[in-house]
Amino acid sequence: MAFKRYIQAALVVTLLLSIASCSKFSKIQKSTDVEYKLKMADEYYAKKKYKLAVQLYEELFPAYKGSQKFEHLYYQYAYCYYYQHLYKDAENLFKGYLEVFPTSSKAEEVDYMRAYCFYKQSPKLELEQVNTVKAMNMMQTFINTHPGSPRIKDATEVIDKCYEKMEMKDYRTAHLYYNLGQYRAAALAFSDLINNFPTTEKGDEYKLMVVKSYYKFAQLSIPDKQVERFEKVTEEYEDFIDRYPDSKLLKNAEEYSKLSKKQINEIQHEQTASSAKR
């Protein structure tokens, strides 16, 4: 019973504090002293009460636009959206900041943050990676535009993470084709992985899947097409040797090449025997 009364009392206190807080904020909003309102907006910002800060900053835009303090107001206003995880709005505001204050001492930082907002909007692997690509491109533009920036290391790390994400997405697609038995599509997809991500550390793994997929594709082909498709396996194996001569997977690829040559010999032998009987 005592515990129940304690909970009720706590709820009452919380409610009263909330009402008092709302009343205080309402008085600030109604104030005609713009300096006071800006000071309170900055205090709310410092206390991470971004929703309240945003409301005050918005009301102060007409009063401070064109003044020296407008840059500070706009800067804090944009970050309010970023800290609330409203990255699309934040990106748009950072863009606006750069347009209004292109020579600002904070321009480099804001330029980076605009690109970073696209990275924060990068979706799950299963979805379209438009924002991931934008993040990569904008971070690269940032690096080119600010060659001496201390944020270049961070920008490079973002690009690498996006690059890895795009690679993983394409890998999953290629592997799905293989698991579904669509071996020609799988071979092409794994080949695209090698071409699109030339610096990947998994190039030999992808190339082995190319060889393996073409072998499976040849096995399932009609007799008239099998020879040329098994020959394709040996061609891909030779390309494997050229690209990854020191790979630990070389022997695995070689097995598919040997099996393909054996299949070609058997098919040609059968064709010769069949012609002789005629």
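What counts and what doesn't
- Residues numbered from 1 in each chain as written.
- Predicted model: local features only at pLDDT ≥ 70, side-chain atom pairs only at ≥ 80, totals over all residues.
- Heavy atoms only, no water.
- Patch = residues over 30% accessible without salt bridge, like charges linked within 9 Å, V, L, I, M, F, W, Y side chains within 5 Å.
- Areas by Shrake-Rupley, 256 points an atom, 1.4 Å probe, with all protein chains shown as cover.
- Salt bridge = Lys/Arg side-chain N within 4 Å of Asp/Glu carboxyl O.
- Lys, Arg positive; Asp, Glu negative; His and termini not counted.
- Charge placed at Lys NZ, Arg CZ, Asp CG, Glu CD.
- Helix = DSSP H or I, 4+ residues; strand = E, 2+ residues; numbered from the N terminus.
- Buried < 20%, exposed > 50% of the residue type's maximum accessible area, 1.4 Å probe, protein only.
- Axes fitted to C-alpha atoms, helices over the stretch in contact; angles between N-to-C directions.
- Parallel < 35°, antiparallel > 145°, perpendicular 65-115°, else oblique.
- Left-handed = near helix turned anticlockwise from the far one by under 90°.
- Contact = heavy atoms within 4.5 Å.
- Nonpolar A, V, L, I, M, F, W, Y, C, P; charged D, E, K, R; others polar.

1. So, a negative patch on the surface
- Residues Asp154, Glu157, Asp160, Glu164 and Glu201 make up a contiguous surface patch of negative charge.
- Inspection of the secondary structure assignment puts Asp160 in helix H8 (residues 152-179).
- For Asp160, a relative accessible area of 40% corresponds to the partly exposed category.

2. Looking at unusual backbone geometry
- At Lys48, a residue that is not glycine, the phi angle is positive and equals roughly 65°.
- Its location among the elements puts Lys48 in the loop between helix H2 (34-46) and helix H3 (50-64).
- Residue classification places Lys48 among the exposed residues on the basis of a relative accessible area of 62%.
- Of note, the phi angle at His85 is positive, near 65°, even though the residue is not glycine.
- For His85, a relative accessible area of 57% puts it in the exposed group.

3. Looking at the packing of helix H4 (residues 70-83) against helix H5 (residues 87-100)
- Two elements in contact, H4 and H5, have axes separated by 7 Å at closest approach and are oriented at 160°. Classed by the angle they form, the pair H4 and H5 counts as roughly antiparallel. Viewed along their axes, H4 and H5 form a crossing whose handedness is left-handed. Residues Glu71, Tyr74, Tyr75, Tyr77, Ala78, Tyr79, Tyr81 and Tyr82 of H4 touch H5, and the partners they reach there are Tyr87, Asp89, Ala90, Leu93, Phe94, Gly96, Tyr97 and Val100.
- In the contact of H4 with H5, the residues fall into 13 nonpolar, 1 polar and 2 charged.

Everything listed is a geometric property; what it means functionally is a separate question.
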